[in-house]
Amino acid sequence: MWKQSSKGRAMYQPAITGTGVFVPPEVITNEELVESYNWHADWFNAEHAAEIAAGKVEAKEHSSAEFIFKASGIMQRHVLTRDGLMDPERMYPRFRQRSDDEPCLMAEMALKAAAEALAKAGVAATEIDLVICAASNMERAYPAVSIEIQKLLGAKGFAFDMMVGCSSATVAVQAASDMIRNGSVRKALIVSPEITTGHIEWRDRDCHFIFGDACTAVVLERAEAAQGPHFLIRSCRCATEFSNNIRNNNGFLRRNRPDGMADRRDMQFVQEGRRVFKEVVPLVSAHILGHLHDEGLEAAALSRLWLHQANKAMNDMIGRRVLGRDPRPGETPNLLQEYANTSSAGAILAFDMSSDGMEPGDLGLICSYGAGYSVGSVLLERA
Ligand code: CO8
């Protein structure tokens, strides 16, 4: 299934032929999270009683499971490990040191999700000629995590890492599908191993509940090569607009700056949640409607809207703005209650877990949004 471009070169129809998910088995419920946080807050307040009394340090208030569910729709999160998180004097996960000869943690997660995606697509790892590791943070600067994954899989071609916050996976889908469309790549694998628990601030009640760990994988290839049910990639749209409202200052110049190695709050995830909510809802709604308009489609043509999993109220609102009515059950799948925000894995997780029952010709749209700001939408047609 190829056609000529205006310059006479072959163009191929890209398709998603397999997806896979790895979710770590350990879970922390809101109640457990709040219990450990409140324990930490009491310990902190006792430790700093004198400074708090002198007005030099702010006392920590208790968190609440009711607030968390009401504000976000989250009931629990899966985590790679609970070890360290429940220790009131530590409050961040403890991972074992790995030698350079072992797969890194992100690669290990990616291999698990990739195995499922490749099996569903009926593609051997050795047939892959592009690997993109697309995630909101990377375990190291170099060598690229994706190149390690390429080697562990026995894949060919080339690999690169991509960091666009929660939109990393959808931006990677645009990049890979464009390469497949123009023939420079035949089969691509996108993995999004998100170790969000490593970079949230568990000691801050404003955000300690938001994230969970997960990894997704997507296999893309020419539609004509698909061996089973698949989704044609009709088009992608990516947009970015700079904002400091979601920020993490940890980086390679840390050691070189005054106070850089201190346990500073801004070296973990920081956000102005309320502002993000207010600014991103109209941005994403307009982005989706613009994408559909460019395709000559009305929102009514969509049978599924797989949105980034950040906040249930936010997704309900985007669903209403895009569809012009309340979304019907299952139309904008919500996985937050079980998995929380898994950053760039979230929208792919929704697609993987809620695309059953679609008939050939049915349309759906994946849309991620997040830090940057960044937005990425992928219009799919069930083949
Ligand atoms: N328990 C009890 N009370 C609390 C808690 C808590 N845990 N937390 C805050 N409160 C209090 C606040 O202090 C505040 O009190 P007051 O009114 O006295 O000041 C009150 O509750 C209300 O607080 P907020 O205004 O913050 O509450 P909101 O209703 O706005 O809900 C949310 C907070 C849930 C964070 C909401 O604003 C939200 O979801 N915003 C959108 C966030 C978003 O979509 N972000 C983008 C996605 S994230 C992303 O892209 C990350 C990319 C990088 C990945 C990083 C991985 C780690």
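A few points on the structure. Note that the structure is a prediction, hence the values are computed from the model and not measured.

## Things to note about the overall build of the protein
Reasoning step 1: Looking only at helices and strands, the protein features 10 helices and 15 strands.
Reasoning step 2: Dimensions of the protein, computed from C-alpha atoms along their principal axes, come out at roughly 75 × 55 × 35 Å.
Reasoning step 3: Every one of the 383 residues in the protein was classed for burial, and the buried ones make up 54%.
Reasoning step 4: The long-range fraction of contacts in the protein, counting pairs at least 24 apart against all pairs at least 6 apart in sequence, stands at 76%.

## Concerning the site of the ligand
Reasoning step 1: Contacts to the ligand come from 29 residues, most closely from Ser63, Cys166, Arg205, Arg274 and Asn311.
Reasoning step 2: A distance of 2.8 Å separates an oxygen atom of the ligand from a polar side-chain atom of Arg274.
Reasoning step 3: Burial of the ligand by the protein amounts to 77% of the accessible area it has alone, namely 1,200 Å².
Reasoning step 4: The set of elements that each furnish at least two residues to the shell around the ligand consists of helix 3 (65-72) and helix 7 (273-294).
Reasoning step 5: Its residues placed into classes, the shell around the ligand shows 13 nonpolar, 13 polar and three charged.

## Quick notes on the sheet that holds strand 6 (residues 130-134)
Reasoning step 1: On the basis of which strands lie adjacent, the open sheet formed by nine strands has the order 7-6-8-9-3-10-15-14-13 and mixed pairing. Looking at which strands have only one partner, the edges of the open sheet turn out to be strand 7 (158-162) and strand 13 (302-307). Strand-to-strand twist of the sheet, defined as the mean angle between neighbouring strand axes without regard to direction, takes the value 25°.
Reasoning step 2: In this structure, strand 13 lies alongside strand 14 (residues 363-370), joined through five bridges in parallel fashion. Within strand 14, the position partnered with Arg304 by the bridge is Gly364.
Reasoning step 3: Contacts between helix 7 and the sheet are confined to strand 10 (231-240), strand 13, strand 14 and strand 15 (374-382), with strand 15 contributing the most and set at about 40° to the helix.

## Comments concerning the pairing of strand 14
Reasoning step 1: Among the eight residues of strand 14, eight are classified as buried, and the element is accordingly described as predominantly covered.
Reasoning step 2: The two faces of strand 14 match: Leu363, Leu365, Cys367 and Tyr369 on one face and Gly364, Ile366, Ser368 and Gly370 on the other face are all buried.
Reasoning step 3: With eight bridges connecting them, strand 14 and strand 15 associate as antiparallel partners. Pairing of Gly364 across the sheet is with Leu380, part of strand 15.
Reasoning step 4: Connecting the antiparallel pair strand 14 and strand 15 is a turn made up of three residues, with Gly372 showing a positive phi of about 140°.

Here is what the cut-offs are and how they apply
- Each residue is numbered by its place in its chain's sequence as written, counting from 1.
- Local features in a predicted model are, by the rule used here, given only for residues with pLDDT of at least 70; side-chain atom pairs are given and counted only at 80 or more, and totals for whole chains, interfaces and linings are based on all residues.
- Neither water nor hydrogens contribute to the side-chain values; these are computed over all heavy atoms in the structure.
- Every helix listed is a DSSP run of H or I at least four residues long, and every strand listed is a run of E at least two residues long, numbered separately from the N terminus.
- Only protein chains enter the area calculation, which uses a 1.4 Å probe; residues under 20% of their type maximum are buried, those over 50% are exposed, and those in between are partly exposed.
- Throughout, a contact is declared for two residues whenever any of their heavy atoms are within 4.5 Å.
- Here, proximity means that at least one heavy atom of the residue falls within 4 Å of the molecule or strand.
- Here a polar contact is taken to be a pair of N or O atoms separated by no more than 3.5 Å, where protein atoms must pair a possible hydrogen donor with a possible acceptor and residues adjacent in sequence count only if both atoms sit in side chains.
- The method behind every accessible area is Shrake-Rupley, applied with a 1.4 Å probe, and residues are considered shielded solely by the protein chains displayed.
- Under the scheme applied here, ten amino acids are nonpolar (Ala, Val, Leu, Ile, Met, Phe, Trp, Tyr, Cys and Pro), four are charged (Asp, Glu, Lys and Arg), and all others, including Gly, are polar.
- DSSP calls a pair of strands paired once it identifies at least 2 bridges connecting them.
- Angles here are taken between N-to-C directions and fall from 0 to 180 degrees, while the axes themselves are lines fitted to C-alpha atoms, restricted in helices to the stretch in contact.

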